Amino acid sequence: MTEEQDATEPDWGSSLRLELTPALLIHALMATASTVHTGWSSCIDEKLVVASVLSMDDTAGNYIRLAEQEFYEDEDPKMVWHDWTLEIRIANVLTIGHWQIPASVSPMEWAWHAGEAEQAFERACLLVGRRVHKGLVVDEPAPSESVPPRFSRH
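The notes below deal with the structure included here. For every chain, the first residue of the written sequence is number 1, and numbering continues from 1 along that sequence. Selection of residues for local features in this predicted model requires a pLDDT of at least 70, selection of side-chain atom pairs for listing and counting requires 80 or more, and totals for whole chains, interfaces and linings are taken over all residues. Side-chain descriptors were evaluated using all non-hydrogen atoms of the structure, hydrogens and water having been removed beforehand.

Quick notes on a nonpolar patch on the surface
What goes into a patch is any residue over 30% in relative accessible area without a salt bridge, connected to like charges within 9 Å or, for nonpolar side chains (Val, Leu, Ile, Met, Phe, Trp, Tyr), within 5 Å. Here the Shrake-Rupley method, with its probe set to 1.4 Å, supplies the accessible areas, and only the displayed protein chains count as covering residues. Salt bridges are defined by distance alone: a side-chain nitrogen of Lys or Arg within 4 Å of a carboxyl oxygen of Asp or Glu. Together, Leu18, Leu20, Leu24, Ile90 and Leu127 make up a nonpolar patch on the protein surface, roughly 450 Å² of accessible area in all. Remark: exposure states derive from per-residue accessible area (1.4 Å probe, protein chains only) relative to the maximum for the residue type, with buried under 20%, exposed over 50%, and partly exposed in between. A residue is classified by how much of its surface remains accessible, and leucine 127, at 37% relative accessible area, is partly exposed.

Focus on the pattern of salt bridges
Within this structure, the stated rule accounts for 2 salt bridges. Between glutamate 46 and arginine 65 there is a salt bridge, with the nearest N and O atoms lying 2.8 Å from each other. You can see glutamate 46 sitting in the loop between strand 1 (35-39) and strand 2 (49-56) and its partner arginine 65 sitting in strand 3 (residues 63-72), a full 19 residues away along the chain. Residue arginine 130 is joined to aspartate 58 by a salt bridge in which the shortest nitrogen-to-oxygen separation is 2.5 Å. Taken as a pair, arginine 130 in the segment after helix 3 (107-124) and aspartate 58 in the loop between strand 2 and strand 3 lie far apart in primary sequence, 72 residues in all. Look at arginine 130 and you get partly exposed, because its relative accessible area is 28%. Each helix corresponds to a stretch of at least 4 residues labelled H or I by DSSP, and each strand to a stretch of at least 2 residues labelled E; elements are numbered beginning at the N terminus.

In structure tokens form, the structure reads like this:
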């Protein structure tokens, strides 16, 4: 180190470079995914997307996307699948992980798969310098045909 380097701190805007490969991303972020793959183009079918969140790099066009898709199985049209897809685009390479379950599984399995995909998305967003905050969602009760009357003690 030079004396100048000892006296000052690195600039916060200093460029940092890492050697990342799809294999390393899959290992670090998608270990619990049902299936993983790479590609040159997205495998997300926009017609099947029920929810999506995107985090983009300011300058290079890199992005992290978590999309939820629902689709029917070709062999059994009554079987509906839910798929959480984590898509990481760095340069022109896509690294993709899928967490897939039948839509009819127990709420515990549903929560586990959703949690794993969301946690992977949260961690992957660090690659483009973003933090993720979880939001609250209020589930409204399903409409009922016969609503009981309200009683008052007055």
